[in-house]
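Structure at a glance
The residues making up each chain are set out below.
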Amino acid sequence: MPLSDFENIDDLSPATKLVAGGRRKDWTGAVVNPPVWRASTHLYENTAALAEGPRHNEDGRFFYGRRGAPTQWALCDALTQLEPGAAGTVIYPSGVAAIVGVMLTLLRPGDELLITDNAYDPTRSMGLGLLTDFGVTTRFFDPLNLPAYEALFTEKTRAVMLEVPGSLSMEVCDVPALTRIAREKGAISVLDNTWASPLGFQGLTKGADVVVMALTKHVGGHSDLMMGSASAGAELYEKLRNRAQQLGNIVSPDDAALALRGMRTLGVRLKQGTETALKIATYLQDRPEVAQVLCPMLPGAPGHDLWLRDFTGGSGLMSVVFKDVSMAQRNRFVDTLKLFGIGYSWGGFESLCIPIAPAGYRSIMPWPPEAPNPEDRHGVRFSIGLEDAGDLIADIEQALEAMKAA
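Residues numbered from 1 in each chain as written. Predicted model: local features only at pLDDT ≥ 70, side-chain atom pairs only at ≥ 80, totals over all residues. Heavy atoms only, no water.

Here we look at empty space enclosed by the protein
Applying the stated rule across the entire model yields three cavities of 30 Å³ or more. Estimates place the volume of the largest cavity at around 190 Å³. Arg66, Arg67, Val90, Ile91 and Asn249 are, among the 16 residues lining the largest cavity, the residues nearest its centre. The set of elements that each furnish at least two residues to the lining of the largest cavity consists of helix 4 (70-82), strand 1 (88-92) and helix 10 (234-246). Classifying every residue of the lining of the largest cavity gives seven nonpolar, five polar and four charged. One number sums up the size of the second largest cavity: a volume of about 110 Å³. As for the second largest cavity, its lining consists of 15 residues, of which His218, Arg269, Gly347, Gly348 and Ile384 are closest to the centre. Per-element tally for the lining of the second largest cavity: the top contributor is helix 12 (residues 266-285), with three residues. In terms of residue class, the lining of the second largest cavity is built from six nonpolar, eight polar and one charged. (1 Å grid on protein atoms, 1.4 Å probe; cavity = no way out; pocket = protein on both sides within 12 Å on 5 of 7 lines; lining within 4 Å. Points joined across faces, edges and corners; volume = space filled by probe spheres on them. Helix = DSSP H or I, 4+ residues; strand = E, 2+ residues; numbered from the N terminus. Nonpolar A, V, L, I, M, F, W, Y, C, P; charged D, E, K, R; others polar.)

Observations regarding the pairing of strand 4 (residues 157-163)
For strand 4, a buried count of six out of seven residues is recorded, marking the element as mostly surrounded by other parts of the structure. In this sheet, strand 5 (residues 188-192) lies alongside strand 4 in parallel orientation, the contact comprising five bridges. Within the sheet, the bridge partner assigned to Glu163 lies in strand 5 and is Asp192. Between the parallel elements strand 4 and strand 5, the chain passes through helix 8 (residues 175-184) in a crossover that is right-handed. (Buried < 20%, exposed > 50% of the residue type's maximum accessible area, 1.4 Å probe, protein only. Pairing = 2+ DSSP bridges. Right-handed = clockwise from strand over helix to strand, strands pointing away.)

Thoughts on the environment of Ala359
Mapped onto the fold, Ala359 is located in the loop between strand 10 (352-356) and strand 11 (379-383). C-alpha of Ala359 to C-alpha of Asn118: the two residues are 241 residues apart in sequence and 9.9 Å apart in space.

Re the sheet that holds strand 6 (residues 210-214)
In spatial order, the strands read 1-7-6-5-4-2-3; together these seven strands make up an open sheet with mixed pairing. Each end of this open sheet is capped by a strand with a single partner; those strands are strand 1 and strand 3 (137-141). Neighbour-to-neighbour, the strand axes of this sheet turn through a mean angle of 20°, independent of strand direction. Note that strand 6 and strand 7 (residues 228-232) share five bridges and pair antiparallel. Among the inter-strand pairings, Val212 is bridged to a residue of strand 7, identified as Ala230. Against the sheet, helix 6 (residues 121-133) engages strand 2 (112-116), strand 3 and strand 4, with an angle of about 160° to strand 2. Each of strand 1, strand 5, strand 6 and strand 7 touches helix 10; the most contacted strand, strand 1, lies at about 25° to it. (Axes fitted to C-alpha atoms, helices over the stretch in contact; angles between N-to-C directions. Contact = heavy atoms within 4.5 Å.)

Brief notes about the packing of helix 5 (residues 95-106) against helix 6
Relative orientation and spacing of two packed helices are given, respectively, by the angle between their axes and the distance between those axes. Remark: helix 5 packs on helix 6, axes separated minimally by 10 Å, with the N-to-C direction vectors making an angle of 45°. Judged on the interaxial angle alone, helix 6 and helix 5 are oblique. Judged by the twist between their axes, the crossing of helix 5 over helix 6 is right-handed. Of the residues in helix 6, those in contact with Val96, Ile99, Val100, Met103 and Leu104 of helix 5 are Pro122, Thr123, Met126, Leu130 and Leu131. (Parallel < 35°, antiparallel > 145°, perpendicular 65-115°, else oblique. Left-handed = near helix turned anticlockwise from the far one by under 90°.)

Overview of the sheet that holds strand 11
A sheet is described by the order of its strands in space; here four strands give the open sequence 8-9-11-10, paired in antiparallel fashion. This sheet does not close on itself; its edge strands, each paired only once, are strand 8 (290-294) and strand 10. In this sheet, neighbouring strand axes are inclined to one another by 20° on average, regardless of whether the strands run parallel or antiparallel. Both strand 9 (residues 317-322) and strand 11 contribute to a ladder of five bridges, which runs antiparallel. When the bridges of strand 11 are listed, Val321 appears paired with Gly379. Here helix 12 sits on the sheet in contact with strand 8, strand 9 and strand 11, set at roughly 10° to strand 9.

Quick notes on the nonpolar core
Across soluble globular proteins, you tend to see nonpolar side chains buried next to one another. In terms of nonpolar packing, the biggest core is built from 62 residues, with Leu284, Phe333, Phe382 and Ile396 touching the most fellow members. Ranked by residues supplied to this core, first place goes to helix 15 (residues 389-405) with six residues. Among all residues touching Leu284, those that are not within four sequence positions of it are Val290, Val293, Met318, Val320, Phe382, Ile396 and Leu400. Ranked by size, the runner-up nonpolar core spans 28 residues in total, among them Ile99, Val102, Val212 and Ala244. (Core = buried A, V, L, I, M, F, W, Y, C linked by side-chain atoms within 4.5 Å.)

Overview of helix 15
The end-to-end C-alpha distance of helix 15, which contains 17 residues, comes to 25 Å, matching closely the 24 Å that a straight helix rising 1.5 Å per residue would cover. Listing the buried residues of helix 15 in full gives Ala389, Leu392, Ile393, Asp395, Ile396, Ala399, Leu400, Ala402 and Met403. Its side-chain oxygen placed 2.9 Å from the backbone nitrogen of Gly390, Asp388 serves as the N-cap of helix 15. (Expected span 1.5 Å × (residues − 1). Polar contact = N/O pair within 3.5 Å; in protein donor to acceptor, adjacent residues only side chain to side chain.)

Overview of the pattern of salt bridges
This structure, assessed with the given rule, holds 18 salt bridges. One salt bridge connects Arg38 with Asp254, and the closest N-O pair in it is separated by 2.7 Å. Placement of Arg38 in the loop between helix 2 (25-28) and helix 3 (47-52) and of Asp254 in helix 11 (residues 253-264) is noted, with a sequence separation of 216 residues between them. Between Lys404 and Glu401 there is a salt bridge, with the nearest N and O atoms lying 3.4 Å from each other. Of this pair, Lys404 and Glu401 both sit in helix 15, separated by three residues, roughly a single helical turn. (Salt bridge = Lys/Arg side-chain N within 4 Å of Asp/Glu carboxyl O.)

What to know about the layout of surface pockets
Counted as a void, the largest pocket has a volume near 770 Å³. Lining the largest pocket are 38 residues; nearest its centre among them are Tyr120, Pro122, Ser167, Trp346 and Arg381. Looking at the lining of the largest pocket, the elements with two or more residues in it are helix 5, helix 6, strand 6 and strand 10. Partitioning the lining of the largest pocket into residue classes produces 24 nonpolar, eight polar and six charged.

Written out as structure tokens, the structure reads:
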């Protein structure tokens, strides 16, 4: 049964919303999934209807292909139902496009943007490049240092960009506290919530004004599409929607169908990936070659207390810092892995591992953490997929042995 047939949609569990979201009868007809509506031109009954078209701008109304059709509308509807507090969702051709689209909506020349220092590198590049060209000043902050963060605000600060946990280094920040300070200073909080998704962290209810996700990752789930989303309350949603249309952003119906397909199994995939990641993290923390496992779900790991307080789930993405290991040895470890692909992105059904060097993407926060000899501390990032945990651990073990022998 489609969610639109329920009076109290918010009372349904996330698992049910994943299955039923976006499946309105007027979009699906007699089939289970919304069909792929490929169309640039939408036809009108007559000239009166043609004249009426531009006066309305919401999902569910045909106008022109750039405003979408039932396949895209179904995806937006399903994503909105997953995000408590959201009035609507805008989808973009990539996660980066979503972040840029949000910032081009919120900021004007002369404004200031604060970006968490452990943000995704393209987010940092946007602040230091694209937004600079548009007359916006970007400054970075340590999300774990609340007094220093609060002191950065000026009368020109219009927005704050948060990410939880932090990219590569996996710090968990106090989102309710950070967003409260931003609100008191008159700034809008934007949160990249790709790691946990709304199933594991409800960003709008924790104080964020806009929640962004790279649907390329967990929602797609099959490493075969590029897409991003931004969800917000009514006022900001309308602004995001209008700016996305002004920028000509549109997601293909074929990709929207892939995202809808992936979303149906998002819950079970996240659960499996989280369970396997915890097993691997527990194994690695006892290895002599490992200085630190950066996985907030792991008891005793940095950020675990905040994760317990604010999160209802996790994911399979985590990082490891090696101890007394050269760069060549670290690379040998990655190259020797058999079940882990080497490639960017994450959140697919397959496991990945890449070398990481966060120091090049930091302005304030140190890397590696708690390292007296940074030159001997090199790291990797794991994206744990759906393979058997025992097989993945055995693969990691043989790669560790090869690393030591290098």
